[in-house]
Amino acid sequence: MAYSNKVIDHYENPRNVGAFAKDDPTVATGMVGAPACGDVMKLQIKVNEQGIIEDAKFKTYGCGSAIASSSLVTEWVKGKTLDEAQLIKNTDIAQELALPPVKIHCSILAEDAIKAAIADYKQKHGG
Amino acid sequence: MNYFRLFDLPETFELDLTELGSRYLSLQKRFHPDNFAAGSERDRLMSVQQTANINDAYHSLKQPLLRAEHMLALRGLKISNEQRSFTDPLFLMQQMELREQLAELQDEADPEAALFAIEQQIQQQRKQLLKALSEALVEQSAEQDQLAAELVRKLKFFYKLQQELELIEQQLQD
């Protein structure tokens, strides 16, 4: 299957790979997986006092599309408020990366990962 | 279609694979298109269709996860092809750690020993999950079926891990 140039770019030069310190109270983590292909995705956000996502990191074990989707989302969420980040749709990710239909689930995974990270942050901060 | 009925086998997760294999062969023989070459068009079509069903059924019943999915589908819980993300954080964290250990094997002083240790861990957990799955499927209650579905999802991650592990094992040997 042919990957789009954008997928290849994110796959070969993934942005923001890594992890923040787990015990940092400003950090929240979203963990999601896709049983069908065994992909596992971890997406972390670092949120400042104004409720803005200052930084984001990810680690994904999966195919090129899953890596590219999570890499793209970490770029997109930086500078966004939690509410703005909540609005990221898998269809936007799929469109930006020109994902073929069989890889749409990778973009769903990335959307679910950022939603899970936001939920984790809100749970930790009583919101 | 009920694959168990096709093979005239009890609808149970614990299955006699030898018996399954021999019933598969005898059904294959009985419905082989060669036997119907001189028959009517209808009979020939039937034999081709039946052969395809027998192959699908054998493929599904042979593998534990597909067998469990088929049993759940027969009970009205269809989970094959589902696109919903899996979100159990503790389980996923553990999967991530196992993946990390596999990825960092080359840096170990004794990669083969480390690989063996991970393989033991994977197999042990897979065994436990399969046992729990078998028990959940006996019950035939909606609640236990949901539990069984969750166990199938978890097991899929372990099968993927096993594949990754075998790939790395091969690389180490080369």
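The rules behind the values
Residues numbered from 1 in each chain as written. Chains lettered and ligands numbered in written order. Predicted model: local features only at pLDDT ≥ 70, side-chain atom pairs only at ≥ 80, totals over all residues. UniProt positions renumbered as here; feature names shortened; annotations may be inferred. Helix = DSSP H or I, 4+ residues; strand = E, 2+ residues; numbered from the N terminus. Core = buried A, V, L, I, M, F, W, Y, C linked by C-beta atoms within 7 Å. Buried ≥ 20, exposed ≤ 12 C-beta atoms within 10 Å, placed from the backbone. Contact = placed C-beta atoms within 7 Å. Pairing = 2+ DSSP bridges. Axes fitted to C-alpha atoms, helices over the stretch in contact; angles between N-to-C directions.

**Overview of the UniProt feature "domain: NIF system FeS cluster assembly NifU N-terminal" (unreviewed entry) in chain A**
Okay, step 1: Following the UniProt record, the feature "domain: NIF system FeS cluster assembly NifU N-terminal" (unreviewed entry) maps to residues 2-125 of chain A here.
Okay, step 2: Secondary structure within residues 2-125 of chain A divides into 45% helix and 21% strand; the distance between the first and last C-alpha atoms comes to 43 Å.

**Considerations on the environment of Glu166 of chain B**
Okay, step 1: One can find Glu166 of chain B in helix α7 (residues 142-173).
Okay, step 2: Sequence separation of Glu166 of chain B and Asp145 of chain B is 21 residues, and the distance between their C-alpha atoms is 31 Å.

**Quick word on unusual backbone geometry**
Okay, step 1: Phi angles above zero are rare outside glycine, and Ala98 of chain A is one such case at about 50 degrees.
Okay, step 2: Counting through the fold element by element, Ala98 of chain A comes out in the loop between α4 (90-97) and α5 (104-124).
Okay, step 3: Positive phi is not limited to glycine here, since Gln140 of chain B has a value of about 60 degrees.
Okay, step 4: Mapped onto the fold, Gln140 of chain B is located in the loop between α6 (111-139) and α7.

**Section: the nonpolar core**
Okay, step 1: The biggest cluster of nonpolar side chains holds 40 residues, and the ones touching the most others in it are Met41, Val73, Leu109, Ala113, Ile114 and Ala117 of chain A.
Okay, step 2: Dropping the residues within four chain positions of it, Ala117 of chain A is found in contact with Ala28, Thr29, Gly30, Leu43, Gln44 and Ile45 of chain A.
Okay, step 3: Judged by nonpolar contacts, the second largest core, of 16 residues, contains Leu72, Leu151, Leu155 and Phe157 of chain B.

**A look at the pairing of strand β2 (residues 39-47) of chain A**
Residues and elements named next belong to chain A.
Okay, step 1: Along β2, eight of the nine residues are buried, which leaves the element largely enclosed by surrounding structure.
Okay, step 2: The sheet contact formed by strand β1 (residues 27-34) and β2 spans eight bridges and is antiparallel. Counterpart to Ala28 in the pairing with β2 is Ile45.
Okay, step 3: With antiparallel pairing between neighbouring strands as the criterion, β1 and β2 make up a hairpin whose turn holds four residues, including Gly38 at a positive phi of roughly 75 degrees.
Okay, step 4: Across eight bridges, β2 lies against strand β3 (residues 53-61) in antiparallel orientation. Bridge assignment links Val40 to a residue of β3, and that residue is Tyr61.

**A closer look at the sheet that holds β2 of chain A**
Okay, step 1: Here three strands make up an open sheet; going across it, the order is β1-β2-β3 (chain A) and the pairing antiparallel. Of all the strands in the sheet, the pair left with one neighbour each is β1 and β3 of chain A. Along the sheet, successive strands turn relative to each other by an average axial angle of 15 degrees, direction set aside.
Okay, step 2: Across the face of the sheet, helix α5 (residues 89-103) of chain B comes into contact with β1, β2 and β3 of chain A while running at roughly 80 degrees to β1 of chain A.

**Describing the interface of chain A and chain B**
Okay, step 1: With 15 residues of chain A at the contact, the number on the chain B side is 14 residues.
Okay, step 2: For the side of chain A that touches chain B, the secondary structure elements donating two or more residues are β1, β2 and α5 of chain A.
Okay, step 3: With five residues, α5 of chain A is the single largest residue contributor to the side of chain A that touches chain B.

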